[in-house]
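Structure assessment
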Amino acid sequence: MEILDAILNVDPNYIIIGLLAFFFTLEQLLDNPFSFKKRGIHLLQNILFQIVFFAINLFFISILVYCIEWLNSHEIGLLFLFDIPFWIKLILSVMLFDFATYWLHRASHKVPLLWRLHRVHHSDTTMDSSTTFRFHPIELAIIYQGGNIVAAGIFGLDVTALAFYYFIVYIFFFLEHSNLNYPKWLNTTLGLIFVMPDHHRVHHHQEQFYTDSNFADIFIIWDRIFGTFKLIPTAQMNYGLIEFEEEKKQSFLYLMKSPFINIKRK
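Scoring rules and cut-offs
- Residues numbered from 1 in each chain as written.
- Predicted model: local features only at pLDDT ≥ 70, side-chain atom pairs only at ≥ 80, totals over all residues.
- Heavy atoms only, no water.
- Axes fitted to C-alpha atoms, helices over the stretch in contact; angles between N-to-C directions.
- Helix = DSSP H or I, 4+ residues; strand = E, 2+ residues; numbered from the N terminus.
- Parallel < 35°, antiparallel > 145°, perpendicular 65-115°, else oblique.
- Left-handed = near helix turned anticlockwise from the far one by under 90°.
- Contact = heavy atoms within 4.5 Å.
- Expected span 1.5 Å × (residues − 1).
- Patch = residues over 30% accessible without salt bridge, like charges linked within 9 Å, V, L, I, M, F, W, Y side chains within 5 Å.
- Areas by Shrake-Rupley, 256 points an atom, 1.4 Å probe, with all protein chains shown as cover.
- Salt bridge = Lys/Arg side-chain N within 4 Å of Asp/Glu carboxyl O.
- Buried < 20%, exposed > 50% of the residue type's maximum accessible area, 1.4 Å probe, protein only.
- Phe/Tyr/Trp six-rings, centres within 6.5 Å; stacked < 30°, edge-to-face > 60°.
- Lys NZ or Arg CZ within 6 Å of the ring centre and 35° of its normal.
- UniProt positions renumbered as here; feature names shortened; annotations may be inferred.
- Arc of directions from axis to C-beta.
- Polar contact = N/O pair within 3.5 Å; in protein donor to acceptor, adjacent residues only side chain to side chain.

Considering the packing of helix 4 (residues 86–110) against helix 6 (residues 137–155)
If you want to describe how two helices pack, look at the angle between their axes and the distance between the axes. At a closest axis distance of 10 Å, the pairing of helix 4 and helix 6 adopts a crossing angle of 130°. Comparing the axis directions of helix 4 and helix 6 gives the class oblique. Between helix 4 and helix 6 lies a crossing whose hand is right-handed. Contacts between helix 4 and helix 6 involve Leu96, Phe97, Phe99, Ala100, Thr101, Leu104, His105 and Ser108 from the first element and Glu139, Ile143, Tyr144, Gly147, Asn148, Ala151 and Phe155 from the second.

What to know about helix 6
The first and last C-alpha atoms of helix 6 sit 26 Å apart over 19 residues, in line with the 27 Å expected at 1.5 Å per residue. Buried residues belonging to helix 6 abut helix 3 (39–73), helix 4, helix 5 (112–122), helix 7 (159–177) and helix 11 (252–257).

Description of a nonpolar patch on the surface
A cluster of nonpolar side chains, Leu78, Leu81, Phe82, Val150 and Ile154, forms an exposed patch at the surface whose accessible area comes to about 520 Å². Note on placement: Ile154 falls in helix 6. The exposure class assigned to Ile154 is partly exposed, which follows from its relative accessible area of 46%.

Points about unusual backbone geometry
One non-glycine residue, Lys38, lies in the positive phi region at around 55°. Tracing the backbone through its elements, the reader meets Lys38 in the loop between helix 2 (12–29) and helix 3. Looking at Lys38, the relative accessible area reads 55%, which means it is exposed. Residues other than glycine seldom take positive phi values, yet Glu75 does so here, at roughly 50°. Within the secondary structure, Glu75 sits in the loop between helix 3 and helix 4.

Remarks on the packing of aromatic side chains
A full pass over the atoms with the stated rule returns 27 aromatic pairs. An aromatic cluster of three or more residues is present, and its members are Phe99, Tyr102, Trp103, Phe155, Phe172, Phe194, Phe215, Phe219, Trp222 and Phe226. The ring of Phe229 has Arg224 lying over it, and the distance from NZ or CZ to the ring centre is 4.1 Å. Between Arg265 and the ring centre of Trp115, over which it is positioned, the NZ or CZ distance is 3.9 Å.

Side note on the pattern of salt bridges
This model, assessed by the stated rule, comprises eight salt bridges. For Asp124, the salt bridge identified is with Arg134, shortest N-O distance 3.6 Å. Taken together, the positions of Asp124 in the loop between helix 5 and helix 6 and Arg134 in the loop between helix 5 and helix 6 put the pair ten residues apart, joining distant regions of the chain. In this pair, the class of Asp124 matches that of Arg134, namely buried. Across the pair Lys184 and Asp198 runs a salt bridge, and its minimum N-O distance is 3.4 Å. With Lys184 in the loop between helix 7 and helix 8 (197–203) and Asp198 in helix 8, the pair connects residues that are 14 residues apart, well separated along the chain. For Lys184, a relative accessible area of 51% puts it in the exposed group. Each of Lys110, Asp212 and Arg265 takes part in a single network of salt bridges with overlapping partners.

Concerning the UniProt feature "transmembrane region" (unreviewed entry) in the protein chain
If you check UniProt for "transmembrane region" (unreviewed entry), the listed places come out as residues 6–26, 47–66, 86–104 and 149–175 in our numbering. For residues 6–26, the end-to-end C-alpha separation is 27 Å, with 86% helix and 0% strand making up the annotated structure. Helix makes up 100% of residues 47–66 and strand 0%, with an end-to-end C-alpha separation of 28 Å.

Details of the UniProt feature "domain: Fatty acid hydroxylase" (unreviewed entry) in the protein chain
Under the feature "domain: Fatty acid hydroxylase" (unreviewed entry), the UniProt entry names residues 91–228. Secondary structure content for residues 91–228 is 62% helix and 0% strand, while the C-alpha to C-alpha distance between its ends is 24 Å.

Some remarks on helix 2
With 18 residues, helix 2 ought to run about 26 Å at 1.5 Å a step, and its terminal C-alpha atoms sit 26 Å apart, in line with that. Those residues of helix 2 lying buried are Ile16, Leu19, Leu20, Phe23, Phe24 and Glu27. For helix 2, the arc enclosing every buried residue in end-on projection is 115°, short of the 170-degree limit, so these residues lie on one face. In helix 2, those exposed residues whose orientation departs by more than 90 degrees from the buried face are Tyr14, Ile17 and Leu29. Tucked into the core, helix 2 has its buried residues touching helix 3 and helix 7. One side-chain oxygen at the N-terminal end of helix 2 lies 2.9 Å from the backbone nitrogen of Asn13; it belongs to Asp11.

As structure tokens, this is what we get:
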């Protein structure tokens, strides 16, 4: 319990900055599966998304916490029906948050309005660790925070579990997006249960057949169970979206306004 308290008492912004510094540095020092240029400009463009998200989330995080604590105080949700030891409940809660996010992520690919926001993340044609930040702030602050509230109401999840979930999921985000060579044996060992970098690279493939797969963030078992798992060799990857290949469409300002532009999916 003391270890958990120590983790959750660390400012999450320090954790995120530390993870970015660690993985971005490794990308500059080690061999990469893909050769990309202008990493400094790319990094700056993606950091701008995180800065805007941080600013607007100061308001939305208060709503999130209030709603979940209200639901908990009224014992709303399935886990309140059972007497479960703390650590088992915490693990189940992380899995259930991931399960809920899996379905919201699938919806983001199928519902046109949600895809307009989510395609900002998939627009990156030169994916690296900083792509972790390339989400439209409205999607993160409203759509996904709203999804967390719904998940808490259905399953009886609390703020502690959500904070621990985000601690874990950001580690996975940086692992999954980083432009690093990872051992292939990960796919046939840990990759049977957890999302590995090669799994998520398929999700960022330019072809929609592959883009609409591997939706999970932590537990790849959701994709395996519900038939959305795909895997192809890293050498066959082609990142991004065809409709965003132009250099001007990779800029922060264009991507921020892109959900409000009618851009046909190719």
